[in-house]
Amino acid sequence: CRFRISVPGRSALQGAASLERALECFARLADREQSNVRYRIDRTGDEVQICSSVDAAPLSETEYPGEWLRIMSLMTVIRYFTGNKWMPPTIALQSQRVPGQHARRAFSRTRFLTGQAETGIIIPASLLSLATTRNYPRRGVAGAPGTESAATDPASWDFPAGLQEIVQTYLDDGYPDITLAANITGCSVRTLQRRLKEYGLSYTDVVQQARFRLATGLLSDPGTKVIDAALAVGYEDPSHFARAFRRLAGISPNQYRRLNYAY
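Note that the structure is predicted; figures quoted are calculated from it, not measured.

> Describe the packing of helix H6 (residues 160–168) against helix H9 (residues 203–219), with residues and values.
The N-to-C vectors of H6 and H9 enclose an angle of 60 degrees; their axes lie 9 Å apart at closest approach. It follows that H6 is oblique to H9 by the angle criterion. Crossing hand, H6 versus H9: right-handed. The residues of H9 that touch H6, namely those facing Leu-163, Gln-164, Glu-165, Val-167 and Gln-168, are Tyr-203, Val-206, Val-207, Gln-209, Ala-210, Arg-213 and Leu-214. Here the residues of the contact of H6 with H9 are counted per class, giving 7 nonpolar, 3 polar and 2 charged.

The following block contains the structure:
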């Protein structure tokens, strides 16, 4: 269910005069460039639902991660106009599965609807008229660990940022196996590795970045112990977590907390 946007498609999205035009463009691109996924925009009163569906048999639980990849693709388009911190009021999922704790934490202000006919995001209709003057770099390279550039650069809509966001929701179960990631993106392990290499990344890099982003968010909460943060991002041994964190941040988790957050 992944959507790899072509270079001309990216240019068209970046040149859209409003969010409404960008979403319409995105739906057309998906119809033309991705044969089995359909997007449509339904407007009812003050709400707009951007829906996606797959031309296949009814969604199985093994396809749940694919729903999230489609949602994150839509969110990246919307955040290009609303800013990086925007959260959707409502996310609709075809799966009956209730989102895990990390998904609920990442979307703390979002209402989740499960068992829906289509996957999608519900937003206020007033957002459709938003225009943007943002000018992101065109390179398809993910941002540094802990930054949001990878998630918001239109050139990276097609792969690493969305994968990192989804991997993050599986971290409390330990290290997400690369086979799971391949299933999420609808390709073989070898193809996944080759595509990430195009962005200068390995799968280990994606997991490390996902862990780091989640860990920094947890450390911002004074009620979260470092050992709890370690367990939440998939480390059984807090010392391994501390070493990995230091490699990425250059300082320990406790030092990071003292330098960045004053309580």
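> An account of the pairing of strand E1 (residues 37–44) is needed here, citing residue identities and associated values.
Relative to strand E2 (residues 47–54), E1 runs antiparallel, the two being bridged by 8 bridges. Counted as the bridge partner of Asp-42 is Gln-49 from E2.

> Account for the sheet that holds strand E3 (residues 90–92), with residues named and values stated.
Strand order across the open sheet formed by 5 strands is E1-E2-E5-E3-E4, with mixed pairing between neighbours. Every other strand in the sheet has two partners, leaving E1 and strand E4 (111–113) as the edge strands with one partner each. The average undirected angle you get between the axes of adjacent strands in this sheet is 20 degrees.

> Describe the side chain of Arg-211, with residues and values.
Within the secondary structure, Arg-211 is located in helix H9. Of the polar contacts made by the side chain of Arg-211, one reaches the backbone oxygen of Gly-234; its length is 3.2 Å. Looking at Arg-211, its side chain comes within polar contact range of the side chain of Tyr-235, at 3.2 Å. For Arg-211, the contacting residues outside a window of four places in its chain are Leu-171, Gly-174, Tyr-175, Val-233, Gly-234 and Tyr-235.

> A description of the nonpolar core should follow, citing residues and the corresponding values.
Ranked by internal contacts, the top residues of the largest apolar core, which has 34 residues, are Leu-23, Trp-68 and Ile-123. Elements with a minimum of two residues in this core: helix H2 (19–33), E1, E2, helix H3 (64–82) and strand E5 (119–124). Residue contributions to this core peak at 10 residues, all from H3. Excluding its chain neighbours within four sequence positions, the residues that come into contact with Trp-68 are Ile-91, Leu-93, Pro-99, Ala-103, Phe-107, Phe-112 and Ile-166.

> Lay out the packing of H9 against helix H11 (residues 238–249) in plain terms, naming residues and giving numbers.
The N-to-C vectors of H9 and H11 enclose an angle of 100 degrees; their axes lie 11 Å apart at closest approach. One finds that H9 runs roughly perpendicular with respect to H11. Within the contact between the two elements, H9 uses Gln-208, Phe-212, Ala-215, Thr-216 and Leu-219 and H11 uses Phe-241, Phe-245, Arg-247, Leu-248 and Ala-249. A breakdown of the residues in the contact of H9 with H11 according to their chemical character gives 7 nonpolar, 2 polar and 1 charged.

> Which residues make up the confidence of the model for the protein, and what are the values?
Close inspection of predicted coordinates is inappropriate in any region flagged by low pLDDT. For the protein, mean pLDDT is 76; residues scoring 70 or higher make up 75% of the total. Model confidence for the protein, summarised as mean pLDDT per element, is weakest for helix H5 (residues 149–152) at 38 and strongest for E3 at 94. In this model residues 135–158 is a low-confidence stretch, pLDDT under 50, and it forms 59 contacts with partners more than four residues away in sequence or in other chains.

> Any details on the environment of Asn-260? Residues and values, ideally.
For Asn-260, the position within the fold is in helix H12 (residues 253–260). Expressed as a C-alpha distance, the spacing of Asn-260 and Leu-219, which sit 41 residues apart in the sequence, is 9.5 Å.

> Outline the environment of Ala-242, supporting the account with residue identities and numerical values.
With respect to the helices and strands, Ala-242 occurs in helix H11. The class of Ala-242 is partly exposed, set by a relative accessible area of 26%. Here the alpha-carbon distance between Ala-242 and Ala-230, two residues 12 residues apart in the chain, equals 8.0 Å.

Cut-offs applied
- Residues numbered from 1 in each chain as written.
- Predicted model: local features only at pLDDT ≥ 70, side-chain atom pairs only at ≥ 80, totals over all residues.
- Heavy atoms only, no water.
- Axes fitted to C-alpha atoms, helices over the stretch in contact; angles between N-to-C directions.
- Helix = DSSP H or I, 4+ residues; strand = E, 2+ residues; numbered from the N terminus.
- Parallel < 35°, antiparallel > 145°, perpendicular 65-115°, else oblique.
- Left-handed = near helix turned anticlockwise from the far one by under 90°.
- Contact = heavy atoms within 4.5 Å.
- Nonpolar A, V, L, I, M, F, W, Y, C, P; charged D, E, K, R; others polar.
- Pairing = 2+ DSSP bridges.
- Polar contact = N/O pair within 3.5 Å; in protein donor to acceptor, adjacent residues only side chain to side chain.
- Core = buried A, V, L, I, M, F, W, Y, C linked by side-chain atoms within 4.5 Å.
- Buried < 20%, exposed > 50% of the residue type's maximum accessible area, 1.4 Å probe, protein only.
- pLDDT = per-residue confidence, 0-100.

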